[in-house]
Amino acid sequence: MPDWREEIEELHRWFEDWLGGRIPADDGGRLEVALAPAFTLVTPGGDERSRFEVIDAVRKARAARPGLRIRIRDPRLLAVEGELVAVSYEEWQESGGEPRGRLSTALLRRRGPDAGLEWLRVHETWITPAPPPP
């Protein structure tokens, strides 16, 4: 079973490959397995989206961002309470332009001793780009 850090990295690697077109169109099940039935996403713009809306949008966006790179920085364990795991991390995306960052807080749930983690909720906020190096 992956730990919370591995789950964050693996799912975002899948996003990178899916959106970059490196995964076949019939291999989109990773996201459906990862998101709990009642999953919700709060986007950086403040919109709340259901599991269905997120999966639908991601399916339609396959190969829409060739060359996309996603990097996870500063993953933090915020709390563990029974099966619930609260985490935060920075997600930096780049596809040929200036990297854009999001600060994400996520609530995950352990499915069982060997069944991995499922995502219950993610809340994202834009990170102001860092100034260019001198």
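Check the entry above for the structure.
Reading the values: rules and limits
Residues numbered from 1 in each chain as written. Predicted model: local features only at pLDDT ≥ 70, side-chain atom pairs only at ≥ 80, totals over all residues. Heavy atoms only, no water. Helix = DSSP H or I, 4+ residues; strand = E, 2+ residues; numbered from the N terminus. Buried < 20%, exposed > 50% of the residue type's maximum accessible area, 1.4 Å probe, protein only. Contact = heavy atoms within 4.5 Å. Areas by Shrake-Rupley, 256 points an atom, 1.4 Å probe, with all protein chains shown as cover. Lys, Arg positive; Asp, Glu negative; His and termini not counted. Charge placed at Lys NZ, Arg CZ, Asp CG, Glu CD. Expected span 1.5 Å × (residues − 1). Polar contact = N/O pair within 3.5 Å; in protein donor to acceptor, adjacent residues only side chain to side chain. Pairing = 2+ DSSP bridges. Axes fitted to C-alpha atoms, helices over the stretch in contact; angles between N-to-C directions. Core = buried A, V, L, I, M, F, W, Y, C linked by side-chain atoms within 4.5 Å.

Draft legend 1. The arrangement of the overall build of the protein chain in detail. Looking only at helices and strands, one finds three helices and six strands in the protein chain. Listing each helix as α and each strand as β along the protein chain from the N terminus yields α-α-β-β-α-β-β-β-β. Its C-alpha atoms give the protein chain principal-axis dimensions of roughly 45 × 35 × 25 Å. Going through the 134 residues of the protein chain one by one, you find that 37% of them count as buried. In the protein chain, once contacts between residues fewer than 6 apart in sequence are set aside, the share between residues at least 24 apart is 51%. Of the roughly 7,800 Å² that the protein chain leaves accessible, carbon and sulfur atoms contribute 52%. Distance between charge centroids for the protein chain: 3 Å, based on 20 positive and 24 negative side chains.

Draft legend 2. Up close: helix α1 (residues 4–19). Its 16 residues give α1 an end-to-end C-alpha distance of 22 Å, which sits within 8% of 22 Å, the value for a rise of 1.5 Å per residue. For α1, every residue scored as buried is listed here: Trp4, Glu7, Ile8, Leu11, His12, Trp14, Phe15, Glu16, Trp18 and Leu19. Contacts from the buried residues of α1 go to α2 (29–34), α3 (51–60), β3 (69–81), β4 (84–94), β5 (100–112) and β6 (116–127). The N-cap residue of α1 is Asp3: its side-chain oxygen and the backbone nitrogen of Arg5 are 3.0 Å apart. A positive phi of about 80° marks Gly21, the residue just after α1.

Draft legend 3. Structural view of the sheet that holds strand β1 (residues 35–42). The strand order across the open sheet built from six strands is β2-β1-β6-β5-β4-β3, with neighbouring strands paired in mixed fashion. Only two strands of the sheet have a single neighbouring strand rather than two, namely β2 (48–50) and β3. The sheet shows a mean angle of 20° between the axes of neighbouring strands, direction not considered. Taken together, the three bridges between β1 and β2 define a ladder with antiparallel strand orientation. Across the sheet, residue Thr40 finds its bridge partner in β2, namely Ser50. Contacts between α1 and the sheet are confined to β3, β4, β5 and β6, with β3 contributing the most and set at about 150° to the helix.

Draft legend 4. Fine view of the nonpolar core. With 27 residues, the main nonpolar core has Leu31, Val87, Tyr89, Leu108 and Trp119 as its most contacted residues. Those elements giving two or more residues to this core turn out to be α1, α2, β1, α3, β3, β4, β5 and β6. Per-element tally for this core: the top contributor is α1, with seven residues. Filtering out sequence-adjacent residues up to four positions away, Leu108 remains in contact with Trp4, Glu83, Leu84, Val85, Val87, Leu117, Glu118, Trp119 and Leu120.

From the geometry alone we can't say anything about function, so treat these as descriptive.
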